[in-house]
Amino acid sequence: MFAEVIVDIAAAEVDRVFDYGCGELDIKRGVRVTVPFGRMTVEGFVIGLKEHTDVPEGKLKDVISVLDARPIITEEMFGLLDYMVARMHLLKVDVLRLFIPAAMRGGRVRELTRQYARLSEAYRDRDPNEFIKKTALAQHELFEYLLTEKPEGELVSELTKVVSASALRNLAGRGIVEITDAEQMRLPYADVKAGEYVPVELTGEQKSAVVAITAAKGKTFVLHGVTGSGKTEVYMRCIEEALAAGRTAIMLVPEISLTPQVLRSFRSRFGDKVAVLHSALGQGEKFDEWRKCLSGEAKVVLGARSAVFAPLENVGIIIIDEEHDSSYISDRTPRYSTAEVAEWRIKYNGANLVLGSATPSVETYYAAKTGRYELLELTGRVNKRPLPEIEIVNMCREIALGNNSIFSAPLLRELDACLESGNQAMLFLNRRGYASFVMCRACGFVAKCERCDVSLVYHREENRLKCHYCGNMYSMLDVCPKCGSPFIREGYIGTEKVVRLLEEMYPGVGVLRMDNDSTRTKGAHARILGEFGEKKARILVGTQMIAKGHDFPDVTLVGILDADMSLHTADYRSVERTFQLTTQVAGRAGRASLPGKVVLQTYAPKHYVYEYVRTGDYKGFYEKEINLREVTKYPPFATIMRVLVSGSDDAKAGGVLKNIYERVVALKEKYPDKFIYLAYMRAPLKKIMDEYRMQILVRLTVGSDEIIDAVYGIVDECREPKVTSYAEINPVKLS
Ligand code: ADP
Ligand code: ZN
Ligand code: ZN
């Protein structure tokens, strides 16, 4: 027998099958092995077995050892591997790595075994006085405890908390107590206990949605409904139905919205059948939860993006909540779209996919409108609560009236009223740090990172300038390094400064901040939300991190300090993103019995997007946007392909870019009607971490798959050492 092995080295040159002899080893398809590779020993994945090999006798080497007792790559995942390699143009090894917990590679995580103690059979029914001295009170106590309290045995570590360790040693030494090793599964969020599950009567719309989804096979649904319209209830019913039919389920949420609340309702509903998979788990926890899926013990997986690869068998339903969220597109190697992977899996299993959102992406909604997906709608909120009133504030007018601050007069009026009535407020600003840049008033010098082509952000707590791309820190400027002037001006204000201003204006009310800086440590995220939930603070300031997640019943005011931030990015999705983000943030206000109010500050109050946000008119927004996309030929009426080339040697990277470009031009000459646009240029971020970045932008007509494949091929052919290049389709970030 010969094993076909993909070695665990991420390099295009070695991303192919190598044959190895099996020797005496029992090797199955889907296990990992160690093999000799050149002068090294490396891990590899066995992707097949065969009777014959073309490798000549003398050259063939044998597998050294087998790392897994059972296959860890299922047959379904092998199918997915082929699909992802062909369709997304990924390395096999990169895809295989997605399928297993990262720490399994290199044996960095293993099963947790613990010692258990129990009374030996031979002594269990005897009178302890026969073999324990009367004076050995601790031993008697231990015997009694194990006999009456823990007849099944107890963890040694727990036992020694209540009884004497030396008594345990003594009885174990004499064979009266047996100590055995047993595996213990690590349980993430052990403190999140299931609450009582009270079934609710579904509304008519919810019922039809559940019926449609459960009756289908291999179909994708779009579930559109505002926050609070009962989408989650629909998801859970569909999962129940899948389980009742003997199948399994995967529910994906954006990374940040996997809160204890969501998990609690899943545990209440599905008990021990739930596994959690997301990046905040410890390596050991992740490993155990993943194995629970593989062994079939877990039937429902709740997780973030990568949980779409959970090794469940017989998947009946996959749900992607907040499907428009950009975290579902992996924007680093390996690049993949979660929805595409999910679609492949539901087709394979004859299952169904539900894409849920209050603000579906324009492309998804278009697919639903044109029949590729099926549209299901929940038209109102379950409890008929009205959506919050949204006031659009013209910041240009504020300036004209002499108010240069980040807080408009209407916002301050609302904030006063909110705090006076004992309620809470959330203020949203998608800019962390204290000031977005520092500039010399005399000569216009702006402090920039030495390694990246971006301006530095001032962080006041550390009194340092930080680069948000590479993390480099610099001292704050006292004088301009260029002209020596001491007059340094701070640029746009960030969350840190907003908090300081609020603390000055409203002493004693408590202001919390939630952004990438304040949530760096494990558990910080939950702690901040917890404190706000307990009303230890009355104002929460945050970046888009506060746009999702918890519901706070006492939040009656939401302030969007600078709504235009996402509007002015040079990206065809900028208006869509602005609509989604502001709608989502606005939805945080007035979630319980209290009415909500939203103040949205903008310098472009006439922009059409804000009128749709104000009236909560998703369909109106969609119609406007889809017409624009059609006229200007952007997705879904075109496919954008970007080739990004980067390298520390500007000229060398430029050479690779030129080579690729010339070949794409030749392709365009051959298929002129497929190309809408083709150009090369420096990337908007010209340099990051000492790497110069440049790009080729291609816009193709729909159905140009052969051109896409050809461009992927060209990028591969033009590879050169020390230059990184990759192609991506409809990228979420064009920076
Ligand atoms: P969404 O996911 O669309 O934001 P949820 O499913 O979380 O909405 O529902 C919002 C609230 O309404 C939740 O507290 C939920 O328990 C409740 N709810 C959902 N469906 C019903 C129903 N049919 N009857 C009563 N309450 C419901
Ligand atoms: Zn200067
Ligand atoms: Zn930098």
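Residues numbered from 1 in each chain as written. Chains lettered and ligands numbered in written order. Predicted model: local features only at pLDDT ≥ 70, side-chain atom pairs only at ≥ 80, totals over all residues. Heavy atoms only, no water.

Colleague: Pulling in residues and values, what's your account of the sheet that holds strand E19 (residues 457–459)?
Modeller: Spatial strand order, E19-E20-E21: 3 strands in an open sheet with antiparallel pairing. Across the chains shown, the open sheet's two edge strands, defined by having one partner strand only, are E19 and strand E21 (473–475). Along the sheet, successive strands turn relative to each other by an average axial angle of 35°, direction set aside. The pairing of E19 with strand E20 (residues 464–466) spans 3 bridges and is classified as antiparallel. Paired with Tyr458 across the two strands is Leu465, which belongs to E20. (Pairing = 2+ DSSP bridges. Helix = DSSP H or I, 4+ residues; strand = E, 2+ residues; numbered from the N terminus. Axes fitted to C-alpha atoms, helices over the stretch in contact; angles between N-to-C directions.)

Colleague: Go over the pairing of strand E12 (residues 300–303), please, and point to the residues and values.
Modeller: Of the two faces of E12, both are covered, the one formed by Val300 and Leu302 as well as the one formed by Val301 and Gly303. Across 4 bridges, the pairing between strand E10 (residues 248–252) and E12 is parallel. Bridge pairing in E12 links Ile250 to Val301. As judged from the 4 bridges shared by strand E11 (residues 274–277) and E12, these two strands associate in the parallel manner. Counterpart to Ala275 in the pairing with E12 is Val301. (Buried < 20%, exposed > 50% of the residue type's maximum accessible area, 1.4 Å probe, protein only.)

Colleague: Would you mind going over the site of ligand 1 in detail, with residue names and values included?
Modeller: Not every one of the 14 residues close to ligand 1 is listed here, only the nearest: Glu201, Gln206, Gly228, Lys231 and Thr232. Taking Gly228, its main chain carries an N or O atom lying 2.7 Å from an oxygen atom of ligand 1. Here Gly230 contributes a backbone N or O atom positioned 3.0 Å from an oxygen atom of ligand 1. Burial of ligand 1 by the protein amounts to 64% of the accessible area it has alone, namely 560 Å². Element by element, the count of residues in the shell around ligand 1 is highest for helix H8 (residues 231–244), at 3 residues. For the shell around ligand 1, the per-class residue count stands at 4 nonpolar, 7 polar and 3 charged. (Near = heavy atom within 4 Å. Polar contact = N/O pair within 3.5 Å; in protein donor to acceptor, adjacent residues only side chain to side chain. Areas by Shrake-Rupley, 256 points an atom, 1.4 Å probe, with all protein chains shown as cover. Nonpolar A, V, L, I, M, F, W, Y, C, P; charged D, E, K, R; others polar.)

Colleague: I'd like a rundown of the coordination of the zinc ion (ligand 3), residues and numbers included.
Modeller: Listed as protein donors to the zinc ion (ligand 3) are Cys449 (SG), Cys452 (SG), Cys467 (SG) and Cys470 (SG); their distances from the metal cover 2.2 to 2.4 Å. Each of the 4 donor atoms bound to the zinc ion (ligand 3) contributes to angles spanning 107 to 113°, and the resulting shape is tetrahedral. In terms of primary sequence, the donors binding the zinc ion (ligand 3) are separated according to C-x2-C-x14-C-x2-C. (Donors = N, O, S within 2.8 Å, 3.2 Å for Na, K, Ca; no water. Tetrahedral: all angles 85-135°; square planar, octahedral: opposite > 155°, others 65-115°.)

Colleague: Let's hear about the nonpolar core: which residues, and what values?
Modeller: Counting residues in hydrophobic clusters, the biggest one holds 50 residues, and the most contacted among them are Ile73, Met84, Phe99, Val301 and Phe309. It is helix H1 (residues 75–88) that provides the largest number of residues to this core, a total of 6 residues. The contacts of Met84, once residues within four sequence positions are left out, are His89, Leu90, Val95, Leu98, Phe309, Tyr336 and Val341. The next biggest cluster of nonpolar side chains, apart from the first, holds 38 residues, and it includes Met426, Leu540, Phe552 and Ala589. (Core = buried A, V, L, I, M, F, W, Y, C linked by side-chain atoms within 4.5 Å. Contact = heavy atoms within 4.5 Å.)

Colleague: How would you sum up the coordination of the zinc ion (ligand 2)? Please name residues and give values.
Modeller: Coordination angles at a metal have ideal targets, namely 109.5 degrees for four tetrahedral donors and 90 or 180 degrees for six octahedral donors. Note on the zinc ion (ligand 2): its protein donors are Cys440 (SG), Cys443 (SG), Cys480 (SG) and Cys483 (SG). The metal-donor distances range over 2.3 to 2.4 Å. If you look at the zinc ion (ligand 2), its 4 donor atoms make angles of 104 to 112° with each other, and the shape they trace is tetrahedral. Read N to C, the donor residues that coordinate the zinc ion (ligand 2) are spaced as C-x2-C-x36-C-x2-C. By relative accessible area, which is 1% here, Cys440 ends up buried. Residue Cys443 is classed as partly exposed on the basis of its relative accessible area of 33%.

Colleague: Mind laying out the side chain of Asp8, listing which residues take part and the relevant values?
Modeller: With respect to the secondary-structure elements, Asp8 resides in the loop between strand E1 (2–7) and strand E2 (18–21). When its relative accessible area of 14% is taken as the criterion, Asp8 is described as buried. A polar atom in the side chain of Asp8 sits 2.7 Å from the side chain of Arg97. For Asp8, the side chain forms a polar contact with the side chain of Arg105, separated by 2.8 Å.

Colleague: Give me the packing of aromatic side chains: which residues, what numbers.
Modeller: All told, the structure shown has 21 aromatic pairs when counted by the stated rule. Aromatic side chains Tyr123 and Phe131 sit 4.9 Å apart centroid to centroid with 75° between the ring planes, which places their arrangement in the edge-to-face category. Overall, Tyr123 belongs to the buried group, its relative accessible area being 19%. Residue classification places Phe131 among the buried positions, given a relative accessible area of 12%. Between Phe579 and Phe621 the ring centres are 4.2 Å apart and the planes differ by 0°, which places this aromatic pair in the stacked class. A residue pair is termed long-range when its members are at least 10 positions apart, and Phe579 in helix H17 (residues 574–586) and Phe621 in helix H19 (residues 618–632) qualify at 42 residues. Relative accessible area serves as the criterion here: at 1%, Phe579 is assigned to the buried category. Judged by relative accessible area, which is 1%, Phe621 ranks as buried. Ring pairing ties together the aromatic residues Tyr365, Phe579, Tyr618, Phe621 and Tyr622, which thus form one cluster. Between Arg335 and the ring centre of Tyr726, over which it is positioned, the NZ or CZ distance is 3.5 Å. Its guanidinium or amino end placed over the ring of Tyr608, Lys624 lies 4.6 Å from that ring's centre, counting from NZ or CZ. (Phe/Tyr/Trp six-rings, centres within 6.5 Å; stacked < 30°, edge-to-face > 60°. Lys NZ or Arg CZ within 6 Å of the ring centre and 35° of its normal.)

Colleague: Which residues make up the packing of H17 against helix H18 (residues 608–615), and what values do they have?
Modeller: Two elements in contact, H17 and H18, have axes whose closest approach is 10 Å; the angle formed by their N-to-C orientations is 30°. Taken together, the axes of H17 and H18 lie roughly parallel to each other. Our pair here, H17 against H18, has a crossing hand that is right-handed. Between H17 and H18, the residues in contact are Val575, Thr578, Phe579, Thr582 and Thr583 and Tyr608, Val609, Tyr610, Tyr612 and Val613, respectively. Of the residues in the contact of H17 with H18, the class split is 7 nonpolar, 3 polar and no charged. (Parallel < 35°, antiparallel > 145°, perpendicular 65-115°, else oblique. Left-handed = near helix turned anticlockwise from the far one by under 90°.)

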